[in-house]
Amino acid sequence: MSRYRLQPSPVQEAALLEHCRHARYVWNLAVEQHAHWQRGRASAPGFAEQCRQLTEARAACAWLAAGSIIVQQQALKDFHQAMANFFGKTHRRPTWRRRGRNEGFRIVAVKAGDVRRLSRKVGEVKIPKVGWVRFRWSRPVEQAKSFRVTRDAAGRWHVAFAVIPKPIPAPGNGVAVGVDRGVTVSAALSTGELLVVPGLSAAENKRLVRLQRRLARAQRGSKRRTRVKVAIARVRAREGDRRKDWVEKTSTDLARRFDVIAVEDLKISNMTRSARGTVEAPGTNVRQKAGLNQGILANGWGQLVARTEDKAPDRVRKIDPRYTSQTCNACGHIARESRESQALFLCVACEHRDHADVNAAKNHRDTAVGHAVAARGGLPLGGPVNREPQRDLLLVG
């Protein structure tokens, strides 16, 4: 989707917040209806039945009737799609929406005249019962049948038009690249390039720590606590914007330069799971694991692969990550001792020296193109490894 920064006036912002309240209210009612369902009872109401109930609720509640029927019906439509995704085992069950989180609504049946350009940097979009709201025209806007208006934790408004961008054409040079994702080095390429996500500066990190301490001392429900939470959200949003910008630029560069892009097939949700455990079986090294989880998420592992697949469909190859960081790309010898440190790979068999992440990226690339180095005559990475002939056994007999 093509997302743009929305710039509503104070009066328009109040109307947009009212739309968000209506959408959140209708969504939570649908969640409550399905939460009461049990085995043996009649099935929970579907989309058509919920729309009929919405009509009755609007007739009985003036506050709900004052809102847009499009916003409220699309909230039910979104819930219906979320339940379909849940039963299709692709997403989790829909949960309650809270004020200040997941704020937004969707508008459908968009006409060609509902979006117009005012100047080189300013455009307008027509929102029901709000009027024309300006947004930053940062790039061309294609005709869309629907759009979604959202508000993040930092209080910023965005409008996203439902237009699937065209993929980037392959360069046709037949060149493949391997990408190894890490915490210290965000993405190491088999070409030797080391890419790092730009994070917060030292001054910004100090400010974040001060705000977090101030938040811990603030009384729950106070206006001071609300202001501090917004300030923290703005710092976090700045960090997230830099990460997204890096992901977009890096994925575009990979799609334009290479025909085949090989990455590790990592289960990031499992890798970032908490090690806290339970009361009966508490976990170990919980703080260290939490720091590792934060490092993984801060480097945008999943975002990089997802955006690269969007821009270069059918050109991303996911490789089995087993033993790729312990395998020498020069001779194929597998040994844990070869990984001397986070950055240095020194093969104990052939003394090949390389950056550890670059060596792993080269293994990804070779596996993707089908000529991975075999280890001592065995199968490629992940297969059985034949032991090196023993000198004592050769002397016997």
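Anything mentioned here points back to the structure above.
Quantities reported herein were computed from a predicted structural model and do not represent experimental measurements.

1. Structural notes on the overall build of the protein
Broken down by element type, the protein carries eleven helices and 14 strands. Considering only C-alpha atoms, the protein reaches an extent of 95 × 60 × 50 Å along its principal axes. A total of 397 residues make up the protein; the buried ones form 38% of that total. Across the protein, contacts joining residues at least 24 apart in sequence account for 62% of those joining residues at least 6 apart.

2. Topic: a positive patch on the surface
A contiguous patch of positive charge, built from K206, R207, R210, R213, R214, R217, K223, R224 and R227, is present on the exposed surface. Elements that contribute at least two residues to the positive patch include exactly α5 (202–217) and α6 (223–257). With six residues, α5 is the largest single contributor of residues to the positive patch. Relative to the assigned elements, R217 resides in helix α5.

3. Things to note about the environment of P313
Its place among the elements puts P313 in the loop between α9 (301–311) and β12 (316–319). In sequence terms P313 and I127 are 186 residues apart; their C-alpha atoms lie 34 Å from each other.

4. Re the sheet that holds strand β1 (residues 2–7)
Taken in spatial order, the seven strands line up as β2-β6-β7-β1-β5-β4-β3 in an open sheet, and their pairing is antiparallel. Single-partner strands in this sheet number two, and they are β2 (103–108) and β3 (115–117). Each adjacent strand pair in this sheet contributes to an overall mean axis angle of 30 degrees, direction not counted. Two strands pair when backbone bridges link them, and β1 and strand β5 (residues 131–136) are joined in this way by two bridges, in the antiparallel orientation. The residue of β5 that forms the bridge with Q7 is R134. Docked against the sheet, helix α1 (residues 10–35) engages β1, β2, β4 (122–127), β5, β6 (146–151) and β7 (157–161), running at close to 90 degrees with respect to β2. Packed onto the sheet, helix α4 (residues 69–87) meets β2 and β6 and runs at close to 105 degrees relative to β2.

5. Some points on the nonpolar core
Within the largest apolar cluster, 34 residues are counted, with the highest numbers of intra-cluster contacts made by L6, F105, I127, F147 and F161. In this structure F147 touches F105, R106, I107, V110, V125, K126, I127, V159, A160, F161 and A162, once residues within four positions along its chain are discounted. By size, the runner-up hydrophobic cluster in this structure holds 17 residues, among which are W246, I261, A312 and V316.

Definitions and cut-offs
Residues numbered from 1 in each chain as written. Predicted model: local features only at pLDDT ≥ 70, side-chain atom pairs only at ≥ 80, totals over all residues. Heavy atoms only, no water. Helix = DSSP H or I, 4+ residues; strand = E, 2+ residues; numbered from the N terminus. Buried < 20%, exposed > 50% of the residue type's maximum accessible area, 1.4 Å probe, protein only. Contact = heavy atoms within 4.5 Å. Patch = residues over 30% accessible without salt bridge, like charges linked within 9 Å, V, L, I, M, F, W, Y side chains within 5 Å. Areas by Shrake-Rupley, 256 points an atom, 1.4 Å probe, with all protein chains shown as cover. Salt bridge = Lys/Arg side-chain N within 4 Å of Asp/Glu carboxyl O. Lys, Arg positive; Asp, Glu negative; His and termini not counted. Charge placed at Lys NZ, Arg CZ, Asp CG, Glu CD. Pairing = 2+ DSSP bridges. Axes fitted to C-alpha atoms, helices over the stretch in contact; angles between N-to-C directions. Core = buried A, V, L, I, M, F, W, Y, C linked by side-chain atoms within 4.5 Å.

Honestly, it's all geometry; don't read function into it.
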